[in-house]
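# Coordinate analysis (summary)
Each chain, letter by letter, is given below.
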Amino acid sequence: MQRIVTKVAGEVGFYFAIAFFVVVTTFPFYWMLITSFKSNPDLYDVTNIPFWFNEAPTLEHFRYLFEQTLFVRWLLNSLVIGLCVVTITLIAALPAGYSLARMTGRNGEALGIGIFLTYLVPPTLLFLPLSRIVANLGLQNSMWSLVLVYPTFTIPFCTWLLMGFFKALPPEIEEAAIVDGCSLFGAFVRMVIPLSLPAILTTVIFTFTLTLQEFVYALTFISSSAQKPITLGVATDLVRGDIFFWGEIMAGALIASVPVAIAYNLLLDRFITGITGGAVK
Amino acid sequence: MASIAEPVTKPVSRFRYILDRRETLGAVMVAPAILYVLLLVGGPFLLAVYYSVSAYTIYDPSWRFVGLANFAQIIKNPVFLQTLGNTFLFTFGSQFLGLILGKFGAFLLMRPFAGRKIVRALIMLPWAVPIALAAVAWEWMFDSLYSVINWSMIALGIIDRSDAPNWLGNPHLAMLCVIIVNAWRFFPFAIVIFLAGITSVPQDIIDAAIVDGAGFWRRNYQIVLPLILPIVAVGLIFGIVFTFTDLSIVYLLTNGGPVNATSVLGFQGFQVGIVSGDVSHGAAISLFMLPVLLAVVIVVLRFIRRREV
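The model shown is predicted, which means the values in this text are computed figures rather than measured ones. For every chain, the first residue of the written sequence is number 1, and numbering continues from 1 along that sequence. Chain A is the first chain written and ligand 1 is the first ligand written, with later ones labelled in order. The predicted origin of the model limits local features to residues at a pLDDT of at least 70 and limits the giving and counting of side-chain atom pairs to 80 or more, whereas totals for whole chains, interfaces and linings rest on all residues.

### Observations regarding the confidence of the model for chain A
Residue-level confidence of the predictor is summarised by pLDDT, bounded by 0 at the bottom and 100 at the top. Averaged over every residue, the pLDDT of chain A is 86; residues scoring 70 or more account for 95%. For chain A, per-element mean pLDDT is lowest for helix α15 (residues 268-276) of chain A, which scores 66, and highest for helix α7 (residues 144-149) of chain A, which scores 94. Secondary structure counts use DSSP, requiring at least four H or I residues in a row for a helix and at least two E residues in a row for a strand, with both numbered from the N terminus.

Quick look at the structure:
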């Protein structure tokens, strides 16, 4: 009897702890959701129960967001920035990752670690010189400045990810292609790339989410509303005067968060192997 | 006639021959990535170092060398000293809290149970979602008047409406808030790092320890923990580097206030260098991050290497 009681108590405690973690991590998102559907009189009344609707839910905030603000423009900006950065990153990181995995031997390993370490150089150390460089190139206040700068962290990260993947690919594949008359580079283009499509897709999605998550460079380089990417626009541009319009802000934050959250969770395992790859052999 | 035809084909074949050498093609293929990083990370980094010893501002872009005068000035500034202290408190406070929550969370998620995948996906949300967007949600939750946290505490009878805390308006509470939000954002990352480490420990080692009579705590702290340290160390480098240099949480939640109580190095560098346009002093402030970052990276890398040997 005693034993059963202890066991039941243990189980209850376990699920209670799990519930605690889930509530802590998801509550702010629940809060975005409920705020974005609440009418203003409901939101701004301290006597109302805040956790649920006291008046009928409304789509007013979403309508305002799409019709009266630059929200759609920010979405498009982020899409353009993301696609351009993905292209630049793939062009640079794909051959680099392959080269470091297969062709440069011992030096390549050191070089790979070197490239990866640049991922650790923080934006807050580089934003001053980069903002001068961006200004001198005439890209100040333009989203193209972000297309130029974002590859500085996506290239190192993706080179590292792809390097790990290419190392795991059996070298016999290229050897066979070379025996059949392919050049070294031809073997890479015709054999390795088609076989690496899953890894390339992972890289594409990661690069895209990294560009969506970035905030510091966007904040530093861009002040005109029409050029902002979605994250910066929602966080800084929906405040009119000194007044926060929480319904619209939360609606915008929710829409921008959902795709990133889904993409990240799908690729989580690859991400972890990617960054811990240096520590576990 | 044959001797005329030869020079035409030779350069082509030599070029092909060079590109078919592994080392050469390897160097050519890695070059674009290295160049990009050198030009837009290495170059700006050196530029930042030079700014910090010059008199450069956006109003007077002179490259006049002033030695360590900028550093001497900012060290005497009490706001800067406070900022430095805040940065350490912010970093180590949130990392400590994050690691404890992470270890505990990993311990829970190790056990198989129904719906574990969904729970893991939900717990990962703070790390996955852009921090700027989560920060505005927190700002709304910490609102001075409509804070849901205050509402709940009043409803539960813990506090009275008249003395409900103004989370972001009180210097101590504001610091607590930014630490909590940062720990909230990082602990899912700590969980996956711990999980990745624990699952990489071979089961036979654990079995052997059980056979040898090692108890739960002994297994955890004398066998598993030392084995997963390299992975945890990598995770810790990430956490410390990204927190120590963070700008977005402080910028969005408190804007460094009230009265510099939550100002951190990244924020201060932004205020001085970008907002006020005093590039040289801003660069000097940002460069204060460097010794700490270098120390962290070197210590952790040495640590990993020693364990591998």
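### Here we look at helix α10 (residues 216-244) of chain B
Helix span, as expected, comes to 1.5 Å for every residue beyond the first. With 29 residues, α10(B) ought to run about 42 Å at 1.5 Å a step, yet its terminal C-alpha atoms sit only 35 Å apart, falling short of that. What is called the bend at a residue is the angle between a pair of axes, fitted to the seven residues leading up to and ending at it and to the seven starting from it. Where α10(B) bends most, at B:Leu229, the angle is about 55 degrees, and the proline B:Pro230 comes one to four residues later.

### Observations regarding the UniProt feature "transmembrane region" (unreviewed entry) in chain A
All names here are of chain A. Feature annotation in UniProt assigns "transmembrane region" (unreviewed entry) to the following positions: residues 12-33, 74-98, 110-130, 142-163 and 243-264. Helix makes up 100% of residues 74-98 and strand 0%, with an end-to-end C-alpha separation of 35 Å. Annotated as 86% helix and 9% strand, the span residues 243-264 places its first and last C-alpha atoms 33 Å apart. UniProt positions are given in the numbering used here, feature names are shortened, and annotations may be inferred rather than shown by experiment.

### With respect to the packing of helix α6 (residues 123-136) of chain A against helix α2 (residues 22-52) of chain B
Viewed as axis vectors pointing N to C, α6(A) and α2(B) meet at an angle of 100 degrees, and their least axial separation amounts to 8 Å. Considered as vectors, α6(A) and α2(B) are oriented roughly perpendicular to each other. In this structure, α6(A) uses A:Leu125, A:Leu126, A:Leu128, A:Pro129, A:Leu130 and A:Ile133 to contact α2(B), whose residues at the interface are B:Val41, B:Pro44, B:Phe45, B:Leu47, B:Ala48 and B:Tyr51. Split into classes, the residues belonging to the contact of α6(A) with α2(B) amount to 12 nonpolar, no polar and no charged. Note on method: axes are straight lines fitted to C-alpha atoms, helices fitted across the in-contact stretch only, with angles between N-to-C directions ranging 0 to 180 degrees. Relative orientations are named as follows: roughly parallel for angles under 35 degrees, roughly antiparallel for angles over 145 degrees, roughly perpendicular for angles from 65 to 115 degrees, and oblique for any other angle. A residue pair is marked as a contact if its C-beta atoms, positioned from the backbone, fall within 7 Å. When residue character is reported, Ala, Val, Leu, Ile, Met, Phe, Trp, Tyr, Cys and Pro are called nonpolar, Asp, Glu, Lys and Arg charged, and the others, Gly included, polar.

### Brief notes about the interface of chain A and chain B
On the side of chain B, 69 residues touch chain A, which itself brings 73 residues to the contact. Sort the elements by how many residues they give to the side of chain A that touches chain B and helix α1 (residues 2-36) of chain A lands first, with 12 residues. Of the residues contributing to the side of chain A that touches chain B, the split by class is 55 nonpolar, 18 polar and no charged.

### Focus: the environment of B:Ile154
Residues and elements named next belong to chain B. Secondary-structure assignment places isoleucine 154 in helix α7 (residues 148-155). Look at isoleucine 154 and you get partly exposed, because 17 C-beta atoms sit within 10 Å. In this structure, the C-alpha to C-alpha distance between isoleucine 154 and alanine 164, residues 10 residues apart in sequence, is 7.8 Å. Setting aside residues up to four positions removed in sequence, isoleucine 154 forms contacts with Ile159, Arg161 and Ala164. Counting other C-beta atoms within 10 Å of its own, a residue is labelled buried from 20 upward, exposed at 12 or fewer, and partly exposed in the gap between, with every C-beta atom placed from the backbone.

### Description of the environment of B:Val79
Of note, B:Val79 is situated in helix α4 (residues 78-110). Along the primary structure B:Val79 and B:Ser263 are separated by 184 residues, whereas in three dimensions their C-alpha atoms are 8.6 Å apart.

### Re the packing of helix α4 (residues 71-102) of chain A against helix α11 (residues 197-213) of chain A
Residues and elements named next belong to chain A. Put simply, α4 and α11 touch, their axes get as near as 9 Å, and they point 130 degrees apart. By the angle between their directions, the pair α4 and α11 is classed as oblique. Once α4 is placed against α11, the crossing between them reads as right-handed. In this structure, α4 contributes Ser78, Ile81, Gly82, Val85, Val86, Thr89, Leu90 and Ala93 to the contact, and α11 contributes Thr203, Val204, Thr207, Phe208, Thr211 and Leu212. For the contact of α4 with α11, the class distribution of residues is eight nonpolar, six polar and no charged. Whether a crossing is left-handed or right-handed is set by the direction in which the near helix is turned from the far one by less than a right angle, anticlockwise for left-handed and clockwise for right-handed.

### A short note on unusual backbone geometry
Backbone geometry places A:Asn141, a non-glycine residue, at a positive phi of 65 degrees. The residue A:Asn141 is located in the loop between α6 and α7 in this model. Backbone geometry places B:Val259, a non-glycine residue, at a positive phi of 45 degrees. Note on placement: B:Val259 falls in the loop between α11 (248-253) and α12 (265-275).

### Concerning the domain arrangement of chain A
Residue and element names in this part refer to chain A. Where each domain starts and ends follows an automatic or database-derived domain assignment. When cut into domains, chain A gives domain 1 (2-58) and domain 2 (68-276). Taking only C-alpha atoms, the centre of domain 1 and the centre of domain 2 are 34 Å apart. If you list the elements that add at least two residues to the side of domain 1 that touches domain 2, you get α1 and α2 (40-43). Per-element tally for the side of domain 1 that touches domain 2: the top contributor is α1, with five residues. Grouping the constituent residues of the side of domain 1 that touches domain 2 by class yields four nonpolar, three polar and one charged.

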